Amino acid sequence: MMDRIACLAAFALLAVSALGCAALHHSPADDFPLQPGDLLFQDIDCGPLCDAIETVTQGVDGAHFSHLGMVSRIEGRRVWIIEAVSAGVVETPLRTFLRRSADAGGNPKVLVGRLDAKTSALLPGAIAAARACLGRPYDRIYTIDTSTLYCSELIYEAFREANSGQAVFDLAPMTFKDPATGETFPAWSDYYAELKTPIPEGQPGLNPGGISRSPHVRIVHAYGAPEGWHGHVEEVRQ
């Protein structure tokens, strides 16, 4: 798995994600009743980095994801998503979040994951822990246990803190290598060369795809169809 680097592509393109948004045909003002703590898994296309990520990561039911955010607060019809982006940890309006990607039908390539009953008990603490990180810088190296955060790391740490220091989501060794050749993807070689830091091959991390496959998460809504997704939406009982 590509582990935590699965957020990089989302933020490599955030500076350009606004371009082309006006051409989308979907209406982000979806009627699905989101809840605080819902996880939004997003498939963003950003070229070689996203391609590298999707080659070595697996999301739920084959979905390709490169980013993840969490519903942090709902004020009337306004929904806010907390996420770690290139500018750091921020809260983003749902409409802005959804308009970053579109499938062939013009719908956001975003699936909504909801925590199971047991894990949902952690949500107030996890949301509070995540919001306490607002303003923290983005983790460009993708090394866990630092003062900086990438998207999946923010969610991992928030739930771990809410769970008295015990992890809710699993870490796994990350890889930056093409499974077909065993060689590091050129995009990652260039990226870390520019940062003048070694590639953290094999170090523990996690990614949106891995979190989407957690036994604690069920997919309850699809705004559109992420690439590769062949799953279904579970019925939501109000």
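As the structure is a computational prediction, the values presented were derived from the model and not from experiment.

1. A closer look at the environment of Glu 75
Along the chain, Glu 75 turns up in strand E2 (residues 67-75). A polar side-chain atom of Glu 75 sits 2.7 Å from a polar atom in the side chain of Arg 73.

2. Section: the environment of Asn 163
With respect to the secondary-structure elements, Asn 163 resides in the loop between helix H6 (151-162) and strand E6 (172-173). Under the relative-accessibility criterion, Asn 163 is labelled partly exposed at 25%. Residues Asn 163 and Thr 119 lie 44 residues apart in sequence; the distance between their C-alpha atoms is 9.1 Å. Every residue in contact with Asn 163, bar those within four places of it in the chain, is listed here: Leu 122 and Val 168. Within the structure, Asn 163 has its side chain in polar contact with the backbone oxygen of Gln 166 (distance 3.0 Å).

3. Description of the sheet that holds strand E5 (residues 110-115)
One open sheet holds the six strands; their spatial order is E4-E3-E2-E1-E5-E8, and the pairing between them is antiparallel. Two strands bound the open sheet, and with one partner strand each, they are strand E4 (88-93) and strand E8 (217-222). In this sheet, adjacent strand axes meet at a mean angle of 35 degrees when their direction is disregarded. Relative to the sheet, helix H5 (residues 123-131) contacts E2, strand E3 (78-85), E4 and E5, its axis offset from that of E2 by approximately 105 degrees. Across the sheet, H6 lies against strand E1 (39-42), E2, E3, E4 and E5, angled at about 55 degrees from E2, the strand it touches most.

4. Overview of the packing of aromatic side chains
Counting across every chain of the model gives ten aromatic pairs. Aromatic side chains Trp 188 and Tyr 192 sit 6.3 Å apart centroid to centroid with 40 degrees between the ring planes, which places their arrangement in the tilted category. Placement of both Trp 188 and Tyr 192 in helix H7 (residues 186-195) is noted, with a separation of four residues, approximately one turn of the helix. Here Trp 188 matches Tyr 192 in class, with each residue buried. Consider the rings of Tyr 191 and Tyr 192, whose centres lie 5.1 Å apart with planes at 85 degrees: the pair is edge-to-face. Given a relative accessible area of 1%, Tyr 192 falls into the buried group. One aromatic cluster is present, formed by Tyr 138, Tyr 142, Tyr 150, Phe 176, Trp 188, Tyr 191 and Tyr 192 through successive ring pairs. Over the aromatic face of Trp 80 sits the side chain of Arg 73, whose NZ or CZ is 4.4 Å from the ring centroid.

5. Brief notes about the confidence of the model for the protein
Within the protein, residue pLDDT values average 87, and 86% of them lie at 70 or more. Here residues 1-6 is a poorly scored stretch, pLDDT under 50, and it has 48 contacts once near neighbours within four places are set aside; other chains count. Of the regions scoring below 50 in pLDDT, residues 8-29 engages in 45 contacts with residues more than four places distant in sequence or in other chains.

6. Concerning the side chain of Glu 83
Topologically, Glu 83 is positioned in strand E3. One polar contact links Glu 83 to Arg 100, side chain to side chain, over a distance of 2.6 Å. In this view, Glu 83 contacts His 67, Leu 68, Gly 69, Gly 88, Val 89, Val 90, Thr 92, Phe 97, Arg 100 and Leu 154; residues no more than four positions away in its chain are not counted.

7. Digging into H6
Look at H6: 17 Å from first C-alpha to last across twelve residues, which is about the 16 Å you get at 1.5 Å a residue. Counting buried positions along H6 gives nine out of twelve residues, so the element sits mostly inside the fold. Within H6, the full set of buried residues consists of Cys 151, Ser 152, Glu 153, Leu 154, Ile 155, Tyr 156, Glu 157, Ala 158 and Phe 159. Positive backbone phi, approximately 55 degrees, marks Ser 164, located one or two places after H6.

8. Concerning the nonpolar core
Judged by nonpolar contacts, the single largest core of 47 residues is most densely connected at Leu 39, Phe 159, Phe 169 and Trp 188. No other element matches H6, which puts six residues into this core. Setting aside its immediate chain neighbours within four residues, Phe 159 contacts Met 70, Leu 115, Thr 119, Leu 122, Leu 123, Ala 126, Gln 166, Val 168 and Phe 169. Counting residues in hydrophobic clusters, the runner-up holds 13 residues, among them Phe 32, Leu 40, Ile 81 and Val 112.

Rules and cut-offs
Along each chain, numbering runs from 1 in the same order as the chain's sequence is written. Two thresholds apply to this predicted model, a pLDDT of at least 70 for residue-level local features and 80 or more for giving and counting side-chain atom pairs, whereas whole-chain, interface and lining totals are computed over all residues. No hydrogens and no water enter the side-chain calculation; it runs on all heavy atoms of the structure. A helix here means a DSSP run of H or I that spans at least four residues, while a strand means a run of E at least two residues long, and both kinds are numbered starting from the N terminus. Polar contact is defined as a pair of N or O atoms within 3.5 Å, subject to the rule that within protein one atom must be able to donate a hydrogen and the other to accept it, and that residues adjacent in sequence are counted only when both atoms are side-chain atoms. Each residue's exposure class comes from its accessible area (1.4 Å probe, protein chains only) as a fraction of the maximum for that residue type: buried when under 20%, exposed when over 50%, partly exposed otherwise. Working rule for contacts: check all heavy atoms of both residues, and any pair within 4.5 Å makes them a contact. Following DSSP output, two strands are said to pair if at least two bridges run between them. Angles run from 0 to 180 degrees between N-to-C directions of axes, and those axes are lines fitted to C-alpha atoms, restricted for helices to the stretch in contact. Only centres within 6.5 Å qualify two rings of Phe, Tyr or Trp (six-membered ring in Trp) as a pair; their planes then separate them into stacked at under 30 degrees, edge-to-face at over 60, and tilted for everything else. Geometrically, a charge over a ring is one whose NZ (Lys) or CZ (Arg) sits within 6 Å of the ring centre while staying within 35 degrees of the ring normal. The pLDDT value tells you how sure the predictor is about a given residue, anywhere from 0 up to 100. Here, expected helix span is obtained from the residue count minus one, scaled by 1.5 Å. Nonpolar cores were defined as sets of buried Ala, Val, Leu, Ile, Met, Phe, Trp, Tyr and Cys residues, with membership established by side-chain atoms within 4.5 Å.

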